[in-house]
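Okay, here's what each chain looks like letter by letter:
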Amino acid sequence: MGALTVHLKATYLQLRIYIWMIIIIIILGRLAELIVGFFTDSSQKTGLADGNLLLLILLIIAIVLPLSYYSRIVHLGASRKQYFWGLQFVYIVWAVALALFNSLWPIFEVNVLHKSTHNLIEAFHWNEFGIMGSFLYQTIFYLMAMALLSMLISGSYHLFGWFLWALLIVAIPTGTAIPALRTHVVSFFEALLFNDSLLKGVGFNLVLFLVFVAVGWFFTKKRTH
């Protein structure tokens, strides 16, 4: 556990400038919103929920760490296996922390701040599963998304990784442009984000997460820099 804590601390030190930039931008945005609210009608929903904006941290973590953390820790003597599983631990900690924050913050926002904002949790109907269900769905989805980004970044050092990049770039516009494929694309995202079954939604995201982790490990084993 001590080694995993070292990973968490080391990655935070590497990412703290990005994390605090996001937090400061959110605070300044809310301050400007508060000032404007004194002069306008702020009874309607305003902006995106703070917890949703903090999800940018997960994107930065999943992109920056595979690019720079690998070379630093491997040069210090760590193995690829130690690097990779340490990274997964960091992803889990951040995904759980922000999923928990996003599950509890709307309650605080409505009941204490008396404020209504647009929330992705409501948009995807995850709030219908209750606090624990919403927390679980978010955690697995965030992990899946981070694993996907991490896999793609790690794959940029491998020929097969470039194939995956090309496939992803071509698949999205092609799938939405061709009517015969559009239905399947919509069904995929419905199962991924708008699933009305907690078990199926979490299960689908979990399967994708495990696939992306496995491919990410394949790329990591092949990395030389």
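The shown structure was predicted, so the numbers you read here are calculated from the model rather than taken from an experiment. (Residues numbered from 1 in each chain as written. Predicted model: local features only at pLDDT ≥ 70, side-chain atom pairs only at ≥ 80, totals over all residues. Heavy atoms only, no water.)

1. Some points on the overall build of the chain
For step 1, the next point in the chain: Helix and strand counts for the chain stand at nine helices and zero strands.
For step 2, the next point in the chain: For the chain, the α and β elements follow one another from N to C terminus as α-α-α-α-α-α-α-α-α.
For step 3, the next point in the chain: Projected onto its principal axes, the C-alpha coordinates of the chain cover approximately 55 × 50 × 30 Å.
For step 4, the next point in the chain: Looking at the chain residue by residue over its 225 residues, the buried ones come to 37%. (Helix = DSSP H or I, 4+ residues; strand = E, 2+ residues; numbered from the N terminus. Buried < 20%, exposed > 50% of the residue type's maximum accessible area, 1.4 Å probe, protein only.)

2. Focus on the side chain of Asn119
For step 1, the next point in the chain: Mapping Asn119 onto the fold places it in the loop between α4 (80–111) and α5 (120–123).
For step 2, the next point in the chain: Of the polar contacts made by the side chain of Asn119, one reaches the backbone nitrogen of Ile121; its length is 2.8 Å.
For step 3, the next point in the chain: Sequence-distant contacts of Asn119, defined by excluding residues within four places in its chain, comprise Ala49, Asn52 and Pro106. (Polar contact = N/O pair within 3.5 Å; in protein donor to acceptor, adjacent residues only side chain to side chain. Contact = heavy atoms within 4.5 Å.)

3. Remarks on the packing of aromatic side chains
The way to describe two aromatic rings as a pair is by their centre distance and the angle between their planes.
For step 1, the next point in the chain: For the structure shown, the criterion picks out 17 aromatic pairs.
For step 2, the next point in the chain: A centroid spacing of 5.1 Å and a plane angle of 40 degrees characterise the contact between Trp105 and Phe108, whose relative ring orientation is tilted. Taken as a pair, Trp105 and Phe108 lie in helix α4 at a separation of three residues, close to a single helical turn.
For step 3, the next point in the chain: Overall, Phe108 belongs to the partly exposed group, its relative accessible area being 38%.
For step 4, the next point in the chain: Three or more aromatic residues joined by ring pairs form one cluster here, namely Phe124, Trp126, Phe129, Tyr137, Phe141, Tyr142 and Phe194. (Phe/Tyr/Trp six-rings, centres within 6.5 Å; stacked < 30°, edge-to-face > 60°.)

4. Some details on the packing of helix α7 (residues 159–177) against helix α8 (residues 179–193)
For step 1, the next point in the chain: Orientation of α7 relative to α8, taken along the N-to-C sense of each, is 115 degrees, at an axis distance of 5 Å. Between α7 and α8, the angle is such that the two are roughly perpendicular. Here Thr174, Gly175, Thr176 and Ala177 of α7 lie close against α8, whose contacting residues are Pro179, Leu181, Arg182 and Val185.
For step 2, the next point in the chain: Among the residues forming the contact of α7 with α8, the class breakdown is four nonpolar, three polar and one charged. (Axes fitted to C-alpha atoms, helices over the stretch in contact; angles between N-to-C directions. Parallel < 35°, antiparallel > 145°, perpendicular 65-115°, else oblique. Nonpolar A, V, L, I, M, F, W, Y, C, P; charged D, E, K, R; others polar.)

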